[in-house]
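Coordinate inspection notes
So the chains spell out like this:
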Amino acid sequence: MRLSRYFLPVLKETPAEAQIVSHRYMLRAGMIKQQSAGIYSWLPLGLKVLKKIEDIVHEEQQRAGHIPVLMPTVQSADLWRESGRYDAYGDEMLRISDRQGREMLYGPTNEEMITDIFRSHVNSYKDLPLTLYHIQWKFRDEMRPRFGVMRGREFLMKDGYNFDLTKEDALHAYNRHLVTYLRTYERMGLQAIPMRADGGPIGGDYTHEFLVLAETGESEVFYDSDITDLSFGDRDVDFDDHAACQAVLEEFTSRYARTDETHDDAIFAEVPEERRRTARGIEVGQIFYFGTKYSETMGATVQGPDGKPVPVHMGSHGIGVSRLLGAIIEASHDENGIIWPEGVTPFHCGIVNLKQGDEAADGACDSLYKSLTALGLEPLYDDRSERAGAKFATMDLIGLPWRITVGPRGLKNGVVELTSRRTGESEELPPEEAVLKIAQIYGKAAS
Ligand code: ATP
Ligand code: MG
């Protein structure tokens, strides 16, 4: 993309309403525009990152054998009456009526609807296990929408639902989700720690929230610092192997890590003092096993091996897709702007032409642009007739991890400059080598 033809409405001033850095940078970098409290338009740069995050979530869900569907945003109140949640949900639910006066709502989540789909089409235990998921907009009329996309009213969520014959199988689905989530967040350059959470009215130990440590997080968390040494890496877990998934769960949840809802001072005191940490965290996901709560009230049964109908065991598993943009920025930025991890960056690299209109510089930039594009990479070429300083400031603000700077002086010596946004380190090298290096970083073979 050439910047001169793009739509990147960068703000010079720091917006007064933004209290935290991610919100500030998302507004300044022209990624979002607020339309009402907690409701945003996604401008091109923001949308690109949102799509990258969605792509990673889809890939990791499907790697585990979970099947994508797409349910509507508007749901019928009757469905929610069946589970008893229409009244229980309270003011967070946006209730609407259509022209016939039928009661509808903008879905805050989809347990009821997925259970309805399941009971309509699945009759036998032979069709289990089954996990369906979607990535869809939700609406929750939050009391205090704030921090930009972090606590919106309209927000994008991946929500997945498993259906299993037995509790044991459903707990395997729970473990499998934990494994996929660890991998998902790591691909986004994030460390998200699974913490024991509150099971709410349903109770039980089977819920974990995933938290990214950040001073601006809304949750207070307590953990054993050893947990931050863990990383999932590129291990290849067999998702059909119950023991293997269980082992990952044990590895990642055996140390103390809890939110304030489940925190227990006495147990925490057993962690050696020098490893006890109290911090703040951003909740970027939650997994939950809730047994037969919905299948019993809504009649989602299958014929078991003995021919008798049995209610299925279910769980639901959510990732805050749009919140993740904020969480990633909170975890990765400096005083000049965002620093995107390679896995989610909107463009793979920037190209800055120091002297637009100079024949050699323009030619070199065009040729870099073509070579990178041919490799399946997406560069953002700043081809505006702006001062170098202004171009650098824009690139720093929008946070592309790599920048190639091209000027007539360097070109006389046959070199361009390749700069890492994260370290600020630069090296001079011939243009072809800069392309090669970027291709290697993103795992694209240069022929
Ligand atoms: P919270 O405690 O932050 O209100 P929740 O526990 O009610 O969230 P879940 O129902 O577990 O949320 O939803 C799954 C994920 O969706 C959460 O982990 C979070 O990342 C994201 N999410 C929830 N509410 C919002 C919101 N208002 N804005 C943006 N993302 C949200
Ligand atoms: Mg939650």
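These lines cover the structure that appears in this document, whether it is placed above or below. Throughout this description, residue numbers start from 1 for each chain and increase along the sequence as written. Numbering of ligands from 1 and lettering of chains from A proceed in the order in which they are written. Restriction of local features to residues with pLDDT of at least 70 applies here, the model being predicted, together with a cutoff of 80 or more for giving and counting side-chain atom pairs; totals for whole chains, interfaces and linings are based on all residues. Each side-chain value is worked out from all heavy atoms of the structure, with water and hydrogens disregarded.

1. With respect to the overall build of the chain
For the chain, the helix and strand inventory stands at 14 helices and 23 strands. Against the compact-globule benchmark of 22 Å for 447 residues, the chain has a radius of gyration of 24 Å, which places it among compact chains. When the backbone C-alpha atoms are referred to their principal axes, the chain occupies close to 80 × 60 × 45 Å. Here's how the labels work: a residue is buried when its accessible area is under 20% of the maximum for its type, exposed when over 50%, partly exposed in between, all with a 1.4 Å probe on protein chains only. Within the chain, the fraction of its 447 residues that count as buried is 52%. Counting contacts in the chain only where the partners sit at least 6 residues apart, residues at least 24 apart contribute 71% of the total. Calculation of accessible area relied on Shrake-Rupley with a 1.4 Å probe; when residues are assessed, cover is drawn exclusively from the protein chains displayed. For the chain, the exposed area adds up to about 20100 Å²; of that, 46% sits on carbon and sulfur atoms. Secondary structure elements follow DSSP: runs of H or I no shorter than four residues count as helices, runs of E no shorter than two count as strands, and numbering proceeds from the N terminus. The globule rule used for comparison is 2.2 Å times the number of residues to the exponent 0.38, while the radius of gyration itself is calculated over C-alpha atoms. Residue contacts follow a heavy-atom distance rule, with two residues in contact if any of their heavy atoms lie within 4.5 Å.

2. Observations concerning the coordination of the magnesium ion (ligand 2)
Taken together, E283 (OE) and Q286 (OE1) make up the protein donors of the magnesium ion (ligand 2), found 2.0 to 2.2 Å from the metal. Relative accessible area serves as the criterion here: at 21%, Q286 is assigned to the partly exposed category. As a rule, N, O and S atoms within 2.8 Å of a metal are its donors, except that Na, K and Ca use 3.2 Å; water is not among the atoms, so sites may look incomplete.

3. Concerning helix α11 (residues 359-374)
Multiplying one less than the number of residues by 1.5 Å gives the expected span of a helix. The first and last C-alpha atoms of α11 sit 22 Å apart over 16 residues, in line with the 22 Å expected at 1.5 Å per residue. Listed as buried for α11 are A361, A364, C365, L368 and L372. Axial view of α11: buried residues confined to an arc of 100°, hence all on one face. Residues of α11 that are exposed and angled more than 90 degrees away from the buried face: E359, K370 and A374. At its buried positions, α11 is contacted by β19 (349-353), β20 (379-382), β21 (402-406), α13 (408-412) and α14 (431-441). Between a side-chain oxygen at the N-terminus of α11 and the backbone nitrogen of A360 the separation is 3.2 Å; the capping residue is D358. Our arc is simply the arc of the directions from the helix axis toward the C-beta atoms. Definition of a polar contact: a pair of N or O atoms within 3.5 Å, with one able to donate and the other able to accept a hydrogen when the atoms are protein atoms, and with sequence-neighbouring residues admitted only if both atoms are side-chain atoms.

4. Details of the site of ligand 1
Taken together, 14 residues lie near ligand 1, and R140, E142, R151, G152 and E283 sit nearest. In this structure, R151 approaches ligand 1 through a side-chain N or O atom, which is 2.7 Å from an oxygen atom. E283 has a polar side-chain atom sitting 2.6 Å from an oxygen atom of ligand 1. Bound to the protein, ligand 1 loses 80% of the 580 Å² it would expose on its own. Every element with two or more residues in the shell around ligand 1 is listed here: β8 (154-164) and β13 (276-291). Per-element tally for the shell around ligand 1: the top contributor is β13, with four residues. Any residue with a heavy atom lying within 4 Å of a molecule or strand is counted as near it.

5. Observations concerning the environment of R140
Looking at where R140 falls in the secondary structure, it is placed in the loop between β7 (130-139) and β8. Sequence separation between R140 and G38 is 102 residues; the distance between their C-alpha atoms is 9.6 Å. Looking at R140, its side chain comes within polar contact range of the main-chain oxygen of P108, at 3.0 Å.

6. Things to note about the sheet that holds strand β5 (residues 94-97)
A pair of strands is treated as paired once DSSP finds two or more bridges between them. Spatially, three strands are ordered β4-β6-β5 in an open sheet, and the strand pairing comes out antiparallel. Looking at strand neighbours, the two that pair on one side only are β4 (74-76) and β5, the edges of this open sheet. Within the sheet, the average angular offset between the axes of one strand and its neighbour, ignoring direction, is 40°. In the sheet, β4 pairs with strand β6 (residues 103-106) via three bridges, with the strands oriented antiparallel. Within the sheet, the bridge partner assigned to V74 lies in β6 and is Y106. Axes here mean lines fitted to C-alpha atoms, for a helix over just the part in contact, with angles spanning 0 to 180 degrees between N-to-C directions.

7. Concerning the nonpolar core
Residues M31, I53, Y185, F210, V284 and L325 are the most contacted members of the largest nonpolar core, which totals 77 residues. Among the elements that make up this core, the one with the highest residue count is helix α6 (residues 167-187) (eight residues). In contact with L325, not counting residues within four places along its chain, are M26, M31, W42, G46, V49, L50, I53 and V149. Joining through side-chain atoms within 4.5 Å is the link that ties buried Ala, Val, Leu, Ile, Met, Phe, Trp, Tyr and Cys residues into a set, and such a set is a nonpolar core. Listed in part, the 23 residues of the second largest apolar core include M71, Y86, F118 and M298.

8. Focus on a negative patch on the surface
Patch membership needs two things, relative accessible area over 30% and no salt bridge, and members are linked within 9 Å if like-charged or within 5 Å if nonpolar (Val, Leu, Ile, Met, Phe, Trp, Tyr). Salt bridges are defined by distance alone: a side-chain nitrogen of Lys or Arg within 4 Å of a carboxyl oxygen of Asp or Glu. Residues scored as positive are Lys and Arg, those scored as negative are Asp and Glu, and His as well as the terminal groups of each chain are ignored. To locate a charge, take NZ of a lysine, CZ of an arginine, CG of an aspartate or CD of a glutamate. Together, D234, D236, D238, D240 and D241 give the surface a local cluster of negative charge. Here D234 shows up in the loop between β11 (219-224) and α7 (242-253).

9. Thoughts on the packing of α6 against α7
Axis separation between α6 and α7 bottoms out at 9 Å; the angle between their running directions is 60°. Viewed along their axes, α6 and α7 adopt a mutual orientation that is oblique. Crossing of α6 over α7 shows left-handed handedness. Side by side, α6 and α7 meet where E168, D169, H172, Y174, N175, R176, L178, V179 and L182 of the first sit next to H242, C245, Q246, V248, L249, F252 and T253 of the second. Polar here means any residue other than Ala, Val, Leu, Ile, Met, Phe, Trp, Tyr, Cys and Pro, which are nonpolar, and Asp, Glu, Lys and Arg, which are charged; Gly is therefore polar. Here the contact of α6 with α7 is built from residues that sort into eight nonpolar, five polar and three charged. Angular relationships are summarised with four words: roughly parallel below 35 degrees, roughly antiparallel beyond 145, roughly perpendicular across 65 to 115, and oblique for the angles in between. Should the near helix be turned anticlockwise from the far one by less than a right angle, the crossing is left-handed, and should it be turned clockwise, the crossing is right-handed.

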